[in-house]
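# Fold and contact review
In case you want the letters, here they are:
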Amino acid sequence: KNFTSKSNFENYNVCSGKEFSVREIIDMCKVATSKTFYLSKDKARTRKIDRISQVGSNHKAQIEFGWTPKLEIQGAVNDLWRQIRSENHYL
């Protein structure tokens with residue numbers, strides 16, 4: 001595509017397409033880091049728009065590029081933690 005204009009750019013969601021709760025993601029972070037930590041909810045910082053789970057659609061990336069996830073979410077969290085620990089960031 002022609003990249004001379006911002007209007008020529010597209011957004012793609014590269015995700016698993018599966019729904020996970022915030023608690024599930026936090027538990028995956030605990031597994032990846034081998035750390036034990038506790039969370040508490042601060043009601044003063046909770047917004048009406050906050051959701052207890054998230055799910056994205058990778059349909060557009062699948063259709064346009066044939067893209068599919070290669071890792072399950074726990075594997076992706078583990079890989080991200082390894083990258084952070086090695087300081088070999090690609091973020």
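Look above for the structure.
For clarity, every value in this text was computed on a predicted model and none was experimentally measured.

### Digging into the packing of aromatic side chains
To describe a pair of aromatic rings, one takes the distance between the centres and the angle between the planes. Taken as a whole and assessed by the stated rule, the structure comprises one aromatic pair. Sitting over the face of the ring of Phe37, Lys30 holds its NZ or CZ atom 5.3 Å from the ring centroid. It is Lys60 that lies over the ring of Tyr12; its NZ or CZ is 4.8 Å from the centre.

### Some words on helix H1 (residues 22-33)
Spanning twelve residues, H1 covers 17 Å between terminal C-alpha atoms, matching the ideal 16 Å at 1.5 Å per step. Of the positions making up H1, those classed as buried are Ile26, Met28, Ala32 and Thr33. End-on view of H1: buried residues confined to an arc of 155°, all on one side of the axis. Packed against the buried residues of H1 are strand S1 (20-21) and helix H3 (73-86). Of the residues trailing H1, Ser34 is marked for its positive phi of about 55°.

### With respect to the layout of surface pockets
Each pocket or cavity is described by its volume, and for the largest pocket that value is around 480 Å³. In this structure, the largest pocket is lined by 16 residues; those nearest its centre are Val22, Lys41, Thr46, Arg51 and Ile52. At three residues, the largest contribution of residues to the lining of the largest pocket is made by H1. Here the residues of the lining of the largest pocket are counted per class, giving five nonpolar, four polar and seven charged. Along the walls of the second largest pocket sit 19 residues, with Val14, Cys15, Ser16, Ile73 and Ala76 positioned nearest its centre. When residues of the lining of the second largest pocket are traced back to their parent elements, those giving at least two are S1, H1 and H3. Considering only residue class, the lining of the second largest pocket consists of eleven nonpolar, five polar and three charged.

Thresholds, definitions, all that
Residues numbered from 1 in each chain as written. Predicted model: local features only at pLDDT ≥ 70, side-chain atom pairs only at ≥ 80, totals over all residues. Heavy atoms only, no water. Phe/Tyr/Trp six-rings, centres within 6.5 Å; stacked < 30°, edge-to-face > 60°. Lys NZ or Arg CZ within 6 Å of the ring centre and 35° of its normal. Helix = DSSP H or I, 4+ residues; strand = E, 2+ residues; numbered from the N terminus. Expected span 1.5 Å × (residues − 1). Buried < 20%, exposed > 50% of the residue type's maximum accessible area, 1.4 Å probe, protein only. Arc of directions from axis to C-beta. Contact = heavy atoms within 4.5 Å. 1 Å grid on protein atoms, 1.4 Å probe; cavity = no way out; pocket = protein on both sides within 12 Å on 5 of 7 lines; lining within 4 Å. Points joined across faces, edges and corners; volume = space filled by probe spheres on them. Nonpolar A, V, L, I, M, F, W, Y, C, P; charged D, E, K, R; others polar.

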